[in-house]
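Here are the chains, one letter per residue:
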Amino acid sequence: MSVDVTEVGLRFEGAGIVAMWLGLLLRGPSAIRSRHQRGLWIAVAAAAITMTLKRPFLVDVASQSAPAFDVYPLATHLCGVLSSVVVVDFVMVTMDRSRREWLHVGSGLAFVCLVMLGLRADPAMSVDRFGTAGSSFGYAFWLIVIGVHLISNGVCITVCFLHRHRGGGEVRAGMRLFGLGSCFAGLCWVGQLLQLTLGASWVTSAAPFAMGLFCLSRATVLAVPVVSTGRRVLRDMTVFRRLWRLWRDLVSAVPAVALAPPRPLPLELLLPRGPWRLLVYRQVIEIRDAILVLRDYAAPELPSDPLAPSGPSGGAAEGELCVVRAREMARMLRTACRAKHHGQGPRAGSAALSSLGGDDLVGETAFLILVADAYTAAPPERPGTPVRL
């Protein structure tokens, strides 16, 4: 059974176009509100519209009407040139290039030339997916279209390559994916040029695969913020889950520090009461406030402040010391919670706590995670266990 490579390529390209539209729909509400993401969304939307207009079934529909058959190819290529201009403008704005008059003037001249040539050329010259130029007007038309796309993709590739290390991880990933998509599109238009000048027939079969990869790369660029947000949410959910038991026991012992009473962990994970980052922040604040109360119920028998930082962080010895301090703190909190639940009053001397595990929220959260892990890993105490004072 023979396989039609061109048909397979068109199907692959169609899947890429669908992926682009899905990304545009998912990212549309947030991207339109964001000044920094709006340009990228518009650039990808212009490319998606152009790729959709070139689909064979739409060309077949347009060919059923003679007036539409004459105008549709020209409109399709004008839309493609417009999408290239939008992409270059987006890249220039991203790179803080304020002088873009040359781009606007050049694109305006290209549009005028394409309209004049397109109206005088043989209509059939642009109906085929990679059609041939049947006249000098059609030949010039195709040279301008190909030239505009090659220039725009070349600019995008160059800028993305030069700035591939700029910004954070999300920006770097977006730049590299955007440049990769421009590479695929550039290869397609190089093939288009070879077909126009040398009659390379293999381009018709190979080009849909390149454009399908282009569409997928553009869709992936849109998905980068979604993936980054998902990773942050998953990380915050993990921190919330690891702190949950310690937080639940401490706010149960000191209810006054809790904004709202804890719920079962599955319910907290399935129906969060706010953004995960704020929920973790609330946990840390309430654990800290509870510790400040419970330290008056713990025996002051620790040899040193278990939470005071010492020495530079990051070394193996410092990490082992933090683990030891976390275990000491977990034991102290268990003792304090039991004393509080048994109705015992504050002690005359409280456990020494001059700090809460770090100089900032990140360090404090990291230490409390160690405390929560040690607290959770301890074997459950049997009812009636006496409190050591």
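These numbers come from a predicted model, not from an experiment.

## Quick word on the confidence of the model for the protein chain
Close inspection of predicted coordinates is inappropriate in any region flagged by low pLDDT. Per-residue pLDDT for the protein chain averages 79, and the proportion of residues at 70 or more is 80%. Looking at the elements of the protein chain, mean pLDDT is at its lowest for helix α3 (residues 56-63), recorded as 77, and at its highest for helix α9 (residues 265-270), recorded as 92. Contacts of residues 123-133 to residues separated by more than four positions or lying in other chains number 34 contacts, the stretch itself having pLDDT below 50. In the predicted structure, residues 302-313 sits below a pLDDT of 50 and forms 31 contacts with residues beyond four places in sequence or in another chain.

## Things to note about the layout of surface pockets
Counted as a void, the largest pocket has a volume near 830 Å³. Where the lining of the largest pocket is concerned, the elements lending two or more residues are α2 (35-53), α4 (66-94), α7 (169-198) and α8 (203-253). In terms of residues, the lining of the largest pocket owes the most to one element, α2, which gives 7 residues. The residue inventory of the lining of the largest pocket, partitioned by class, reads 14 nonpolar, 6 polar and 6 charged.

## Details of empty space enclosed by the protein
Within this structure, the stated rule accounts for 3 cavities of 30 Å³ or more. There is about 190 Å³ of room inside the largest cavity. The wall of the largest cavity is formed by 16 residues, among which Ala-47, Ser-83, Ser-84, His-149 and Phe-214 lie closest to the centre. If you list the elements that add at least two residues to the lining of the largest cavity, you get α2, α4, α6 (136-162), α7 and α8. The element contributing the most residues to the lining of the largest cavity is α6, with 4 residues.

## Considerations on the packing of helix α1 (residues 5-33) against α2
Relative orientation of the contacting elements α1 and α2 amounts to 150°, with a least axis distance of 9 Å. In terms of orientation, α1 and α2 fall into the roughly antiparallel class. Here the hand of the crossing between α1 and α2 comes out left-handed. In this structure, α1 contributes Glu-13, Ile-17, Met-20, Trp-21, Leu-24, Arg-27, Gly-28, Ala-31, Ile-32 and Arg-33 to the contact, and α2 contributes Arg-35, Gln-37, Arg-38, Trp-41, Val-44, Ala-45, Ala-47, Ala-48, Ile-49, Met-51 and Thr-52. When the residues that make up the contact of α1 with α2 are grouped by side-chain class, the tally is 13 nonpolar, 3 polar and 5 charged.

## Quick look at the nonpolar core
The biggest cluster of nonpolar side chains holds 36 residues, and the ones touching the most others in it are Leu-250 and Leu-333. Taken together, the elements giving at least two residues each to this core come down to α8, α10 (276-294), α11 (316-341) and α12 (361-377). By residue number, the principal contributor to this core is α8, which donates 9 residues. The next biggest cluster of nonpolar side chains, apart from the first, holds 31 residues, and it includes Leu-40, Ala-43, Val-203 and Ala-210.

## Concerning the packing of aromatic side chains
One pass over the full model with this rule turns up 4 aromatic pairs. Residues Phe-240 and Trp-247 carry aromatic rings whose centres are separated by 6.0 Å and whose planes lie at 55° to one another, so their mutual orientation is tilted. Note on Trp-247: relative accessible area 1%, which makes it buried. Above the face of the Tyr-375 ring, Arg-334 is positioned so that its terminal group lies 4.5 Å from the ring centre.

## Thoughts on the environment of Arg-232
Inspection of the secondary structure assignment puts Arg-232 in helix α8. Other than its neighbours up to four places away in sequence, Arg-232 contacts Glu-170 and Arg-277.

## Description of the environment of Tyr-375
Within the secondary structure, Tyr-375 is located in helix α12. Linking Tyr-375 and Ala-330, residues 45 residues apart in sequence, is a C-alpha distance of 4.9 Å. Once you skip the residues sitting within four places of it in the chain, Tyr-375 turns out to touch Arg-245, Leu-246, Asp-249, Ala-330 and Arg-334. Separated by 2.7 Å, the side chains of Tyr-375 and Asp-249 make a polar contact.

## Brief notes about the packing of α10 against α12
Angle between the axes and distance between the axes: these two values describe a pair of packed helices. Contact geometry of α10 with α12 gives a least axis separation of 11 Å together with a crossing angle of 75°. As summarised for this structure, α10 and α12 are arranged roughly perpendicular, according to the angle between their axes. Between α10 and α12, the residues in contact are Tyr-281, Val-284, Ile-287, Arg-288 and Ile-291 and Leu-361, Glu-364, Thr-365 and Leu-368, respectively. In the contact of α10 with α12, the residues fall into 6 nonpolar, 1 polar and 2 charged.

Conventions used here
- Residues numbered from 1 in each chain as written.
- Predicted model: local features only at pLDDT ≥ 70, side-chain atom pairs only at ≥ 80, totals over all residues.
- Heavy atoms only, no water.
- pLDDT = per-residue confidence, 0-100.
- Helix = DSSP H or I, 4+ residues; strand = E, 2+ residues; numbered from the N terminus.
- Contact = heavy atoms within 4.5 Å.
- 1 Å grid on protein atoms, 1.4 Å probe; cavity = no way out; pocket = protein on both sides within 12 Å on 5 of 7 lines; lining within 4 Å.
- Points joined across faces, edges and corners; volume = space filled by probe spheres on them.
- Nonpolar A, V, L, I, M, F, W, Y, C, P; charged D, E, K, R; others polar.
- Axes fitted to C-alpha atoms, helices over the stretch in contact; angles between N-to-C directions.
- Parallel < 35°, antiparallel > 145°, perpendicular 65-115°, else oblique.
- Left-handed = near helix turned anticlockwise from the far one by under 90°.
- Core = buried A, V, L, I, M, F, W, Y, C linked by side-chain atoms within 4.5 Å.
- Buried < 20%, exposed > 50% of the residue type's maximum accessible area, 1.4 Å probe, protein only.
- Phe/Tyr/Trp six-rings, centres within 6.5 Å; stacked < 30°, edge-to-face > 60°.
- Lys NZ or Arg CZ within 6 Å of the ring centre and 35° of its normal.
- Polar contact = N/O pair within 3.5 Å; in protein donor to acceptor, adjacent residues only side chain to side chain.

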